[in-house]
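Spelled out, the chains give:
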Amino acid sequence: MSIQIGIIGGSGLYDMAELTDRHELTIDTPFGPPSGPYVTGTLGGTRVAFLARHGIGHRITPSELNFRANIYGFKTLGVERLLSASAVGSLREDLAPLDLVIPDQFIDRTRGRVGTFFGDGIVGHIAFADPVCGDLAQVAYDAAVTAGATVHKGGTYVCMEGPAFSTRAESHLYRAWGAHIIGMTNLQEAKLAREAEICYATIALVTDYDCWHPDHDHVTVEMVINTLHQNARTAQRVIAGAVSVLATAPRTCGCGQALATAIITRPEIVPEGTRRALAPIMGKYLG
Ligand SMILES: CSC[C@H]1O[C@H](OP(=O)(O)O)[C@H](O)[C@@H]1O
Ligand SMILES: Nc1ncnc2[nH]cnc12
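Reading the values: rules and limits
- Residues numbered from 1 in each chain as written.
- Chains lettered and ligands numbered in written order.
- Predicted model: local features only at pLDDT ≥ 70, side-chain atom pairs only at ≥ 80, totals over all residues.
- Heavy atoms only, no water.
- Helix = DSSP H or I, 4+ residues; strand = E, 2+ residues; numbered from the N terminus.
- Rg over C-alpha atoms; globule rule 2.2 N^0.38 Å.
- Contact = heavy atoms within 4.5 Å.
- Near = heavy atom within 4 Å.
- Polar contact = N/O pair within 3.5 Å; in protein donor to acceptor, adjacent residues only side chain to side chain.
- Areas by Shrake-Rupley, 256 points an atom, 1.4 Å probe, with all protein chains shown as cover.
- Axes fitted to C-alpha atoms, helices over the stretch in contact; angles between N-to-C directions.
- Parallel < 35°, antiparallel > 145°, perpendicular 65-115°, else oblique.
- Left-handed = near helix turned anticlockwise from the far one by under 90°.
- Nonpolar A, V, L, I, M, F, W, Y, C, P; charged D, E, K, R; others polar.

Quick notes on the overall build of the chain
A tally of helices and strands in the chain yields 7 helices and 11 strands. In terms of overall size, the chain behaves like a compact globule, its C-alpha atoms giving a radius of gyration of 18 Å where 287 residues would be expected to give roughly 19 Å. Counting only C-alpha atoms and orienting by the principal axes, one finds that the chain spans roughly 60 × 40 × 35 Å. Look at the contacts in the chain between residues 6 or more apart in sequence, and 82% of them connect residues 24 or more apart.

Section: unusual backbone geometry
The omega torsion across Gly 162 and Pro 163 is 0°, close enough to zero to call that bond cis. Looking at the element boundaries, Pro 163 is found in the loop between strand E9 (156-160) and helix H3 (168-176). One non-glycine residue, Asp 21, adopts positive backbone phi at about 50°. Along the chain, Asp 21 turns up in strand E2 (residues 20-25).

Some thoughts on the site of ligand 1
Neighbouring ligand 1 are the residues Gly 10, Ser 11, Arg 53, His 54, Pro 62, Ser 86, Ala 87, Phe 165, Gly 183, Met 184, Thr 185 and Val 224. Ser 11 places a polar side-chain atom, nitrogen or oxygen, 2.8 Å from an oxygen atom of ligand 1. Take His 54: an N or O atom from its side chain is 2.5 Å from an oxygen atom of ligand 1. Taken by itself ligand 1 offers 390 Å² of open surface, and the protein chains cover 92% of this.

Concerning the side chain of Asn 186
For Asn 186, the location among the structural elements is in helix H4 (residues 186-195). A distance of 3.0 Å separates polar atoms of two side chains, one belonging to Asn 186 and the other to Ser 86. Within the structure, Asn 186 has its side chain in polar contact with the side chain of Thr 202 (distance 2.8 Å). Each residue touching Asn 186, except ones within four places of it in the same chain, is listed here: Arg 53, Ser 84, Ser 86, Phe 106, Tyr 157, Cys 159, Tyr 200 and Thr 202.

Regarding the environment of Val 151
For Val 151, the position within the fold is in strand E8 (residues 151-153). In this structure the C-alpha to C-alpha distance between Val 151 and Thr 248, which are 97 residues apart in sequence, comes to 24 Å. Those residues in contact with Val 151, other than ones at most four positions away along the chain, are Leu 100, Ile 102, Tyr 141, Ala 144 and Val 145.

A short note on the packing of helix H2 (residues 134-146) against helix H5 (residues 221-246)
Direction vectors running N to C along H2 and H5 enclose 130°, while the axes themselves pass 8 Å from each other. Taken together, H2 and H5 sit at an angle that is classed as oblique. The hand of the H2/H5 crossing is right-handed. Between H2, through Leu 136, Val 139, Ala 140, Ala 143 and Ala 144, and H5, the contact on the second element is made entirely by Val 238, Gly 241, Ala 242, Val 245 and Leu 246. Here the residues of the contact of H2 with H5 sort into 9 nonpolar, 1 polar and no charged.

The following block contains the structure:
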């Protein structure tokens, strides 16, 4: 049975306790293994698939994440809308720890990560001016308001390579660029989800003021995890609320047709192996 809603949990969100009728699914992909098993289950009456981004026990660094495999796995399950939850540092005074942000832009400060399904004989270029699905972001925002969270709609997420946190000079630079929050994981996910014609939006949980703020210590993992523990219930309520709305809201955005104008390679010259590997992602365009 196809599962249309996916959830990818980041630091501190390794499981969804409310999931009932749970099954673990190990999915192999042409790009290697995803971060771990997908947990399928029912959340408030709706079937969802959950994946812990960094693996069980948090053992995969942001640079080591197999973003292609993670998105491919969701696609093969039938996922059309993917909600991410992520810990972020704040680059603005008014975005305080425990606040939520639903970002709508990214700045890519990663290096050498694979962030596309294209290659190996097929070339395509998706539009990425608006990297987040506006409809899904609105649902996430509304769910956060309903859950009683302090939530900010929109904002620019700097995706840095890590795993070390930023230097103070970098932190000030990102502020000067007008960015709002910083993390290490969302950019490639958003790109690959778009290529896979999956709606993507992220619920960013502010855990710290990074290192620019004169009145706050530099960021530590302990600080991040302590804040996440305080916010875990809220995050789960927001996700559950969003899922209940998505369950009955038809998909009317353009994400499901993102590849319709993107592929430039003549279908008949796409190598057989590439065609086979990409069948779940773009088979409908390859004849
Ligand atoms: C544990 S602090 C740094 C870590 O937290 C964020 O992870 P995620 O986006 O998966 O919640 C950040 O991107 C870093 O990977
Ligand atoms: N300050 C920070 N920088 C990068 N990733 C983070 N995740 C949580 N806080 C962060």
